[in-house]
Amino acid sequence: MNSPIIQLLVLAGIAIFLILRLRSVLGTREGFEKPRVETVKPAKSAKPEFDVIEGGPDPDITDYVDADSDAATALAGMKADDRTFNVREFLRGARGAYEMILTGFEKGDLAEIKPFLSDNVYEAFAGVVEAREKDGLSVDFNFVGISETTLVDAEYNKSTNEAEVSVRFLSESTSAVYDNGGDLIEGSPTDVKKQRDVWTFGRKMGTGDPNWFLVATGE
């Protein structure tokens, strides 16, 4: 054989030997190797720190009065005897009634608010309005808004189903009183004043009539 052919055979043998050694050390791979992904187990959901107990305190009551108060007992009795009664909705309605009744009284327009007044309250309001008209006085009243609504007391007579709820309002308004000549004698048409009232609303529960009536006013 020629010397160059012998050299090629020797080199080929050496190459085959090296390839076999590398395969034995590294092994074989097909395609590409995916990166290792650690499987993370989802965290167990934490148990609640308290158990809900049926028949526990009613948040519709305890959000407004102490759970162990007489007012809470009265409100619970109202709700038991009239499933339509809801304290939150009552207070929302009381806010609207306060604005409407106060505005009607100050402006001397009692016809529209009469259905929401007890007989005693209507007579008291009518007496004040008649006295103003007799003296030739007029009132320029503007209701600005209510900054506080607080349930202060509740009473319930289960034997008669008569309920009363007292609410404290802190409101803002402007009021100016003029004589029959148009001269300002009291208040201001621009100065905003704060007014605090405690009004008591009453109704008979379980009658199907959801309307409450203003039965007393105070401060």
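Relevant structure appears above.
Structural notes, computed from the coordinates. Please read these numbers as outputs of a predicted model, since none were measured by experiment. (Residues numbered from 1 in each chain as written. Predicted model: local features only at pLDDT ≥ 70, side-chain atom pairs only at ≥ 80, totals over all residues. Heavy atoms only, no water.)

### Let's talk about the overall build of the protein chain
Thinking step 1. Within the protein chain, the secondary structure is distributed over 5 helices and 4 strands.
Thinking step 2. Ordered by position in the sequence, the α and β elements of the protein chain form the string α-α-α-α-α-β-β-β-β.
Thinking step 3. Within the span of the protein chain, comprising 219 residues, buried residues form 30% of the whole.
Thinking step 4. By sequence separation, contacts in the protein chain at least 24 residues apart represent 59% of the contacts at least 6 residues apart.
Thinking step 5. Summed over its atoms, the accessible surface of the protein chain is roughly 15500 Å², and 53% of this surface lies on carbon and sulfur atoms. (Helix = DSSP H or I, 4+ residues; strand = E, 2+ residues; numbered from the N terminus. Buried < 20%, exposed > 50% of the residue type's maximum accessible area, 1.4 Å probe, protein only. Contact = heavy atoms within 4.5 Å. Areas by Shrake-Rupley, 256 points an atom, 1.4 Å probe, with all protein chains shown as cover.)

### Quick look at the nonpolar core
Thinking step 1. Among the nonpolar cores identified, the biggest contains 41 residues, and Leu75, Met78, Val165, Phe201 and Trp212 are the most heavily contacted of them.
Thinking step 2. The set of elements that each furnish at least two residues to this core consists of helix H3 (70–81), helix H4 (87–106), helix H5 (119–134), strand S1 (138–157), strand S2 (162–178) and strand S3 (184–204).
Thinking step 3. Setting aside residues up to four positions removed in sequence, valine 165 forms contacts with Leu75, Met78, Phe90, Leu151, Asp153, Ala154, Trp199, Thr200, Phe201 and Trp212. (Core = buried A, V, L, I, M, F, W, Y, C linked by side-chain atoms within 4.5 Å.)

### A short note on the pattern of salt bridges
Thinking step 1. Counted under the stated rule, the structure contains 9 salt bridges.
Thinking step 2. Linking aspartate 58 and lysine 79 is a salt bridge whose minimum nitrogen-to-oxygen distance equals 2.8 Å. With aspartate 58 in the loop between helix H1 (3–26) and helix H2 (59–62) and lysine 79 in helix H3, this residue pair connects regions lying 21 residues apart in the sequence.
Thinking step 3. Using a relative accessible area of 27% as the deciding quantity, one classes aspartate 58 as partly exposed.
Thinking step 4. You can call lysine 79 buried: its relative accessible area is 18%.
Thinking step 5. For glutamate 148, the salt bridge goes to arginine 196, with nearest N and O atoms at 4.0 Å. Highlighted residues: glutamate 148 in strand S1 and arginine 196 in strand S3, separated in sequence by 48 residues.
Thinking step 6. Each of Asp58, Asp60 and Lys79 takes part in one network of salt bridges that share partners. (Salt bridge = Lys/Arg side-chain N within 4 Å of Asp/Glu carboxyl O.)

### Overview of the side chain of lysine 79
Thinking step 1. Of note is the side chain of lysine 79, whose polar atom sits 2.8 Å from the side chain of aspartate 58.
Thinking step 2. With sequence-adjacent residues up to four places away left out, lysine 79 is seen in contact with Asp58, Asp60, Ile61 and Phe85. (Polar contact = N/O pair within 3.5 Å; in protein donor to acceptor, adjacent residues only side chain to side chain.)

### Let's talk about H3
Thinking step 1. For H3, which comprises 12 residues, the first-to-last C-alpha distance of 17 Å matches the rise-based estimate of 16 Å (1.5 Å per residue) to within 8%.
Thinking step 2. Among all positions in H3, only Ala71, Ala72, Ala74, Leu75, Gly77, Met78 and Lys79 are buried.
Thinking step 3. In the core, the buried residues of H3 are packed alongside H2, H4, S1 and S2. (Expected span 1.5 Å × (residues − 1).)

### Details of H4
Thinking step 1. Here H4 is 20 residues long and its end C-alpha atoms lie 28 Å apart, about the 28 Å a rise of 1.5 Å per residue gives.
Thinking step 2. Of the residues flanking the start of H4, the one acting as N-cap is asparagine 86, its side-chain oxygen 3.0 Å from the backbone nitrogen of arginine 88.
Thinking step 3. Glycine 108 sits one or two positions beyond H4 and adopts a positive phi of about 75°.

No statement about biological role is implied by the geometric values presented.
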